[in-house]
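Overview (structure and organization)
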Amino acid sequence: MARTTNSDTLPYVESRYELGMLASQRVRDLNGGAEPVVDQGKDKLTVVALREISENKVVEIIMGNSLFQVFVDDELKYENLQGPLLISSNSQLELLDLNRKGQPAKYNGMFELRLYKDYESFNLINIVDMQNYLKGVVPNEMPVSFGLEALKAQAIAARNYALNANMDLNYDLVDSTAAQVYYGANSYREITDKAVDETNGIYALYNEKPIMAQYFSTSGGITDNWVDVFAQGNMPDLHPYLKSRPDFDKQKPLKSEDDVVEFYSKKDNGLDINSPKFRWSFEFDRKELEEILHTTLQQQSKAGLVEPKYDGDIKLIGLKEIKPLKRTQSGKITELLISTKEEDYVV
C-alpha cells in the first residue's frame, strides 16, 4: 500500500529485480520534496550487499524465516530484526551485485528493506528525492545530444509521469521501459542535471492539474486518443488533452484500409524516420500463425475478449482470413476478425 506523509505527497515508486534486472520502482514526496523510492529486490532475494562509499563499509543483510541479520564488514551487528530496515548514508550507496552503465550501481538517498508479499523474500527500496530520481531517468530516456531545451522538456514530462504513475497497489512505477528507465547516480550527466535543475518544480498542467505525460521513443507518424488506447468498456475520457495528432499537419485522416496501407507503406512520413523502429514487419507461415493463435485466443478468451470463446479443445486449423474490423485514428486495430474452417472469431 502506498504511504504518504502529507496530503500533497507523491506516491511511492517501488521496483523489484527479476533475474538480476531491476524491474520496478516507487516514488514518494516527503514534506513537499518528492522522494522517488526504487526497490532493488531480486526475485526471491534473501541476501543483499551494499557498500557505503565514503567510509568504504560493506553492509550485508541476510533474511531467513522473515527475520533480518545485518553484517558490517563481515561482523554480525544485528540479528532477528523484523523490519522494515532503513539504511542511510552521508554519501552514495553501491549495490555490489548490480551494474549500471557498465559500473557498479550507485544510488543517492536511502535504502529500505521490506518483506515481499510471500514473506520469503524482500524488496530493497531506494528512497531518493525527485530531482535525483529525474537525473537518473532523463539521460536514459533522451540522448544528451538532443540539447538542453529538449532535455528540459523531457525532464518535465518525466516529472509529470512520476507524479501520476500508479501501476500497482505496492508500487507506482517500474524502472524499465515499461515506465521510465532509472539507473541511479551512474546516469548523471552535466547537461541532463542542468535540465532537471532548471525545471525544478515545473509541471505541465491541464485545468490546473498535472497532465499524464505519455511519451515514447519512436513516433509512427500519428498518435492516438488516450481513450482509444487505455480506456476499458465505457470508461470516460480521463485525459481529453491526449488527442490523436499526425506528425505533419498535411497528413490526411486514415479513413479506409487503403489509407492505412498507403500510410504505413511509406518510410518518409514521420518525425522519427531515422529510427530503426519507425517501420517494421513480421512474417509467419500459415501453420506457425495457427499455432500462435491457438494459444493467444485461449488467453484472450479467458479475458473475455473473444467472441465466441475459444477453449482450445479443437485445434485451430484451416485459417482462411484475418481482417481488421475497427481501427483507431492512427490505424491501430481494435477489433479483428479471424476466420477458420470451423469458426469465425472476433477479437
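Residues numbered from 1 in each chain as written. Predicted model: local features only at pLDDT ≥ 70, side-chain atom pairs only at ≥ 80, totals over all residues. Heavy atoms only, no water.

Moving on: unusual backbone geometry. With omega at 5°, the peptide bond leading from Gly83 into Pro84 counts as cis. Look at the link from Glu307 to Pro308: it is a cis peptide, with omega at -10°. For Pro308, the location among the structural elements is in the loop between helix H7 (286-302) and strand S17 (321-327). One non-glycine residue, Asn56, adopts positive backbone phi at about 55°. Within the secondary structure, Asn56 sits in the loop between strand S6 (47-52) and strand S7 (57-64). Residue class for Asn56 comes out partly exposed when judged on its relative accessible area of 46%. Even without glycine at this site, Glu208 takes up a positive phi of about 65°. As for its placement among the helices and strands, Glu208 is situated in the loop between strand S15 (205-206) and strand S16 (209-210). Residue Glu208 is classed as exposed on the basis of its relative accessible area of 75%. (Helix = DSSP H or I, 4+ residues; strand = E, 2+ residues; numbered from the N terminus. Buried < 20%, exposed > 50% of the residue type's maximum accessible area, 1.4 Å probe, protein only.)

Taken in spatial order, the 3 strands of this open sheet run S17-S18-S19, and their pairing is antiparallel. A single partner strand is all that each edge strand has here, and the edge strands are S17 and strand S19 (344-346). Strand-to-strand twist of the sheet, defined as the mean angle between neighbouring strand axes without regard to direction, takes the value 20°. As defined by bridge partners, strand S18 (residues 333-339) adjoins S19 across 3 bridges and the pair is classed as antiparallel. The partner of Ile338 across the bridge, within S19, is Tyr345. (Pairing = 2+ DSSP bridges. Axes fitted to C-alpha atoms, helices over the stretch in contact; angles between N-to-C directions.)

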